[in-house]
Amino acid sequence: MNLIPADSTLSVAPNSRATSDRPAAKNSDPALKHDPSNPAGPHPTGVASVTLLNNKLTEYLTPSEMRKVKEAYRFSDEMHLGQIRKSGEPYISHPIAVAEICADWKLDAQAIMAALLHDVMEDQDVKKEELIERFGAPVATLVDGLSKLDKIEFQSQIEAQAENFRKMLLAMARDVRVILVKLADRLHNMRTLGFMSPEKKRRIARETMEVYVPIAHRLGLNNIYRELQDLAFSHLYPVRYKTLSKAVKAARGNRREVVSKILDSVKNTLAATGIQAQVYGREKTLYGIYRKMRNKHLSFSQVLDVYGFRIVVDSFANCYVALGTLHALYKPMPGKFKDYIAIPKLNGYQSLHTTLIGPYGTPVEFQIRTTEMHRVAEAGVAAHWLYKDDDASLTDLQQRTHAWLQSLLDIQKQTGDSAEFLEHVKVDLFPDSVYVFTPKSKIIALPRGATVLDFAYTIHTDIGDQAIAARVNHEHAALRAELRNGDIVEIVTAPASRPSPNWLTFVRTGKARSAIRHHLRTINLAESTELGRRLLAQALSAIDIDPLLPEGLVDKLLNESSAKSLDELYADIGVGKRMATLVARHIRGMMESDVNSPLPPLVTENGNSKLDPVTIYGNEGSAVQLAQCCLPIPGDGILGQLKRDQGITVHSTDCETAKRQQTKEPDRWIELAWGAELSRRFDCRIKILVDNEKGVLARVAAEIGESDANITYVGMDDDRDHLMKQLRFTIQVEDRIHLARLMRNVRRIPGVARILRERA
């Protein structure tokens, strides 16, 4: 069953109108539509053909499925009639091209129909209910997942974009076909991006590089991953792209003889060994070369491995036989062999990688794989699409993908807003991975730089929440210890242990970060709410507004801030999601616009609002954290940094770290003051230079105890000579007066040369 006769085409004139009673197409995305204000642009006429798509689909779809696809095509054609792309082509050419890319992966009829219909909801106001009635709920759900949110007002473009991504990723988590169609859509848009303005090119290219490229890599779609990378690179840095392209073309000519010689030698050697193999050269992508030059600070002439070779053999065993044959032909470079067959990459990629010293001393990279491995390496999760029948028949790649998609749903449940959700997901889209083992030899893949705590949360959220220590390769390790390939990790837990805000400074995975933030928001809700109430009361008092707000004003404030209750608004302020001063200014603005709420004159000092310091008592719990860089104690001048989902971090006023960070985000800093009655002791670091003699450590420790201070840590520097040693203590004191008294007492000890308070 053909969509239309194989030799026919569809022509659309620029002024043609849809035959439907719907309104004419709206240009919701100017990046893809004709701009009538640009007379220099291409003439808006063109031809769209479905011949190629028809030929691809008839290879694997049944006649009944082809009839359904034909119906979807006709509906899309009718809806988009009259729309023109900036290239001058009829808009229907875009859905057809997207469907062709999906047909290359042999996606099912529902996905092809969604590809043809993917813009009708967004551009033509077609309702989901109508799509359900015409094409069924699965197709309508796919199209809905691909459509942007254009009915909701957002405070900023960034917030709107983040919410669009969240909708798409959550739809992908429920059905991976959503992202496959979306990647095909983005690929065709990137291929035709040349008609856009430079600003839009850069915006779309940056979005592609930051979100779609890593998703394609994560799903193992390496062909699309590489093409999207190079296309985004060409629009982000057009001059660099052109310069590098010319250099690669010149190098290709200069090295043609070397490449031919290596190719012939490898083919002859493998044939002599009796191995049936396909051998062909592989040129590295321009962005791959550029990234290597940038990361390793190399010139183009120093990047020797611009070319590589791929060997596809007929069996698993012959991969290793071919490897041995190559190592006999050319000398391998030490440390340049990787076995991704025994331990596949996170996206299912399998190959043997080895770098050899070829003719004339040129390093040459070889990739060795089977035909099946090659298919997965190029098409990733789409490689086995036709063979997915049920959960029992899922391949290892599909199981890994399913686990990652499930983690997206877990992150969504624990995340406060769209921007935060996107932040967590981006963290998980690292191209490089590290592979570690559980005590039962199960392989766990984590992003490069992941810590012991990331491992704990990957196993289970409860294990992460209750983690207190770990053993890595049967040796004790801290939760912040960075993991390396091959590590065997065992987590030590305690039921009473709870996450600390400090954990957010070193975890790397999105799941760990979202779980910690979720815990801090829920378990410490009362503390955060009380802190937020105090911060808002202070900010309101500073601009002469009674903190006890009228009920009508509260309802209006909650409606505009999307908070469900005043306590939720207080909690958001307490954990740093909202700024108390900005909320206070917003309240004043609402009162100024309300004739029934007269305001007193705003008291200012030098033209600025004067805020009284927020009082810190030390018993606020995790809503208030003392900065580890300076460890302030009562008596120190202090100021606070509002961190997202971490409440207030307290720094001393002379802290160098605080001074640097204040210049970056001055609006996130507030004045603090110590309360009159403090019911706890505070950590403080001191270092003591002593004579290297018997018993001096015992005398110092005893004097600290006599001075009514508790020692929580003691260490010794190894870089002193044999006559002197430097001792480091972390002690708990009441305030600066207590510390000064302790330091005087220690200074009197025989053998103590110097004592001072230590700041990071």
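Conventions adopted
- Residues numbered from 1 in each chain as written.
- Predicted model: local features only at pLDDT ≥ 70, side-chain atom pairs only at ≥ 80, totals over all residues.
- Heavy atoms only, no water.
- Helix = DSSP H or I, 4+ residues; strand = E, 2+ residues; numbered from the N terminus.
- Buried < 20%, exposed > 50% of the residue type's maximum accessible area, 1.4 Å probe, protein only.
- Contact = heavy atoms within 4.5 Å.
- Areas by Shrake-Rupley, 256 points an atom, 1.4 Å probe, with all protein chains shown as cover.
- Salt bridge = Lys/Arg side-chain N within 4 Å of Asp/Glu carboxyl O.
- Patch = residues over 30% accessible without salt bridge, like charges linked within 9 Å, V, L, I, M, F, W, Y side chains within 5 Å.
- Core = buried A, V, L, I, M, F, W, Y, C linked by side-chain atoms within 4.5 Å.
- Phe/Tyr/Trp six-rings, centres within 6.5 Å; stacked < 30°, edge-to-face > 60°.
- Pairing = 2+ DSSP bridges.
- Axes fitted to C-alpha atoms, helices over the stretch in contact; angles between N-to-C directions.
- pLDDT = per-residue confidence, 0-100.
- Expected span 1.5 Å × (residues − 1).
- Arc of directions from axis to C-beta.
- Polar contact = N/O pair within 3.5 Å; in protein donor to acceptor, adjacent residues only side chain to side chain.

Caption draft 1: Quick peek at the overall build of the protein. For the protein, the count of helices and strands is 28 helices and 23 strands. Every one of the 760 residues in the protein was classed for burial, and the buried ones make up 51%. Taking as baseline every contact in the protein between residues at least 6 positions apart, the subset at least 24 positions apart corresponds to 70%. By element, 51% of the accessible surface of the protein is carried by carbon and sulfur atoms, the whole surface being about 36,400 Å².

Caption draft 2: The arrangement of the pattern of salt bridges in detail. A full pass over the atoms with the stated rule returns 16 salt bridges. Here Asp-104 makes a salt bridge to Lys-56, at a shortest N to O gap of 2.8 Å. Of the two residues, Asp-104 is situated in helix α3 (residues 93–104) and Lys-56 in helix α1 (residues 51–57); the sequence distance between them amounts to 48 residues. In this structure Asp-104 comes out as partly exposed when scored by relative accessible area, which is 47%. On the basis of relative accessible area, Lys-56 is assigned to the buried category, the value being 18%.

Caption draft 3: Geometry of a nonpolar patch on the surface. Together, Leu-697, Ile-711 and Val-714 make up an exposed nonpolar region whose accessible area comes to about 210 Å². The topology assignment puts Leu-697 in helix α27 (residues 696–706).

Caption draft 4: Local environment of the nonpolar core. Leu-57, Ile-112, Leu-116, Leu-131 and Leu-183 are the most contacted members of the largest nonpolar core, which totals 76 residues. Among residues more than four places away in sequence, those in contact with Leu-57 are Met-66, Val-69, Ala-103 and Ile-112. Core analysis: the second largest hydrophobic core is formed by 54 residues, Leu-553, Val-583, Leu-626 and Ile-633 among them.

Caption draft 5: Quick look at the packing of aromatic side chains. Using the criterion set out here, one finds 11 aromatic pairs in the structure. Geometrically, the ring pair formed by Phe-233 and Tyr-287 is edge-to-face, given 5.6 Å between the ring centres and 65° between the ring planes. Taken together, the residues Phe-233 in helix α11 (residues 222–236) and Tyr-287 in helix α14 (residues 286–296) connect sequence positions 54 residues apart. Both residues of the pair, Phe-233 and Tyr-287, belong to the buried class. On the basis of an interplanar angle of 20° and a centroid distance of 5.4 Å, the ring pair of Phe-309 and Phe-366 is categorised as stacked.

Caption draft 6: Quick peek at the sheet that holds strand β10 (residues 467–472). Strand order across the open sheet formed by 3 strands is β11-β10-β12, with antiparallel pairing between neighbours. In this open sheet, the two strands that pair with only one neighbour each are β11 (475–477) and β12 (489–493). Looking at each pair of strands side by side, their axes are set apart by 35° on average, direction ignored. Two elements, β10 and β12, share 5 bridges in a ladder whose sense is antiparallel. Bridge pairing in β12 places Arg-471 opposite Glu-490.

Caption draft 7: Just the sheet that holds strand β23 (residues 752–757), in detail. If you trace the 4 strands from one edge of the open sheet to the other, you get β21-β22-β20-β23, paired in antiparallel fashion. For this open sheet the edge positions go to β21 (710–716) and β23, each flanked by a neighbour on one side alone. Strand-to-strand twist of the sheet, defined as the mean angle between neighbouring strand axes without regard to direction, takes the value 20°. Sheet analysis places strand β20 (residues 682–691) next to strand β22 (residues 724–733), joined by 10 bridges and oriented antiparallel. Bridge assignment links Phe-682 to a residue of β22, and that residue is Val-733. In the packing of helix α28 (residues 736–747) onto the sheet, contacts are made with β20, β22 and β23, and the angle to β23 comes to roughly 170°.

Caption draft 8: Layout of unusual backbone geometry. Positive phi outside glycine occurs at Asn-473, with the angle close to 55°. For Asn-473, the location among the structural elements is in the loop between β10 and β11. Overall, the relative accessible area of 36% leaves Asn-473 in the partly exposed class.

Caption draft 9: Spatial organisation of the confidence of the model for the protein. Confidence in the prediction of the protein, expressed as mean pLDDT, is 77, and 76% of residues score 70 or more. Per-element confidence in the protein is highest for α28, whose mean pLDDT is 94, and lowest for strand β1 (residues 10–12), whose mean pLDDT is 36. Throughout residues 384–394 the model reports pLDDT below 50, and contacts reaching past four residues in sequence, or to other chains, amount to 19 contacts. This model gives residues 601–609 a pLDDT under 50, and the stretch forms 11 contacts once residues within four places in sequence are excluded.

Caption draft 10: Structural detail: α3. Its 12 residues give α3 an end-to-end C-alpha distance of 17 Å, which sits within 8% of 16 Å, the value for a rise of 1.5 Å per residue. Here α3 lies mainly inside the structure; 11 of its 12 residues are buried. Residues of α3 that are buried include every one of Ser-93, His-94, Pro-95, Ile-96, Ala-97, Val-98, Ala-99, Glu-100, Ile-101, Cys-102 and Ala-103, and no others. Within two residues after α3, Lys-106 carries a phi angle of roughly 60°, on the positive side.

Caption draft 11: Expanded view of helix α23 (residues 551–561). Turning to α23, its buried residues are Leu-553, Val-554, Leu-557, Leu-558 and Ser-561. Axial view of α23: buried residues confined to an arc of 135°, hence all on one face. Of the exposed residues in α23, those oriented more than 90 degrees away from the buried face are Glu-551, Gly-552 and Asn-559.

Caption draft 12: View of the pairing of strand β6 (residues 352–357). The buried fraction of β6 is high, at 5 of 6 residues. Examined bridge by bridge, strand β5 (residues 331–339) and β6 share 5 bridges and lie antiparallel to one another. Counted as the bridge partner of Asp-339 is Leu-352 from β6. Two elements, β6 and strand β7 (residues 363–370), share 6 bridges in a ladder whose sense is antiparallel. Bridging across to β7, His-353 finds its partner in Gln-367. In sequence, β6 turns back onto β7 through a hairpin of 5 residues, with Tyr-360 there showing a positive phi of about 65°.

Caption draft 13: Structural detail: the environment of Glu-482. Mapped onto the secondary structure, Glu-482 falls in the loop between β11 and β12. Accessibility expressed as a relative area gives 55% for Glu-482, which makes it exposed. For the pair formed by Glu-482 and Ala-450, sequence separation is 32 residues and the distance between their alpha carbons is 5.8 Å. Those residues in contact with Glu-482 that lie beyond four places of it in its chain are Gly-449, Ala-450 and Thr-451.

Caption draft 14: Quick peek at the environment of Arg-685. Relative to the helices and strands, Arg-685 is located in strand β20. Using a relative accessible area of 17% as the deciding quantity, one classes Arg-685 as buried. Placed 46 residues apart in sequence, Arg-685 and Ile-731 show a C-alpha to C-alpha distance of 6.3 Å. One polar contact links the side chain of Arg-685 to the main-chain carbonyl oxygen of Gln-628, over a distance of 2.8 Å.

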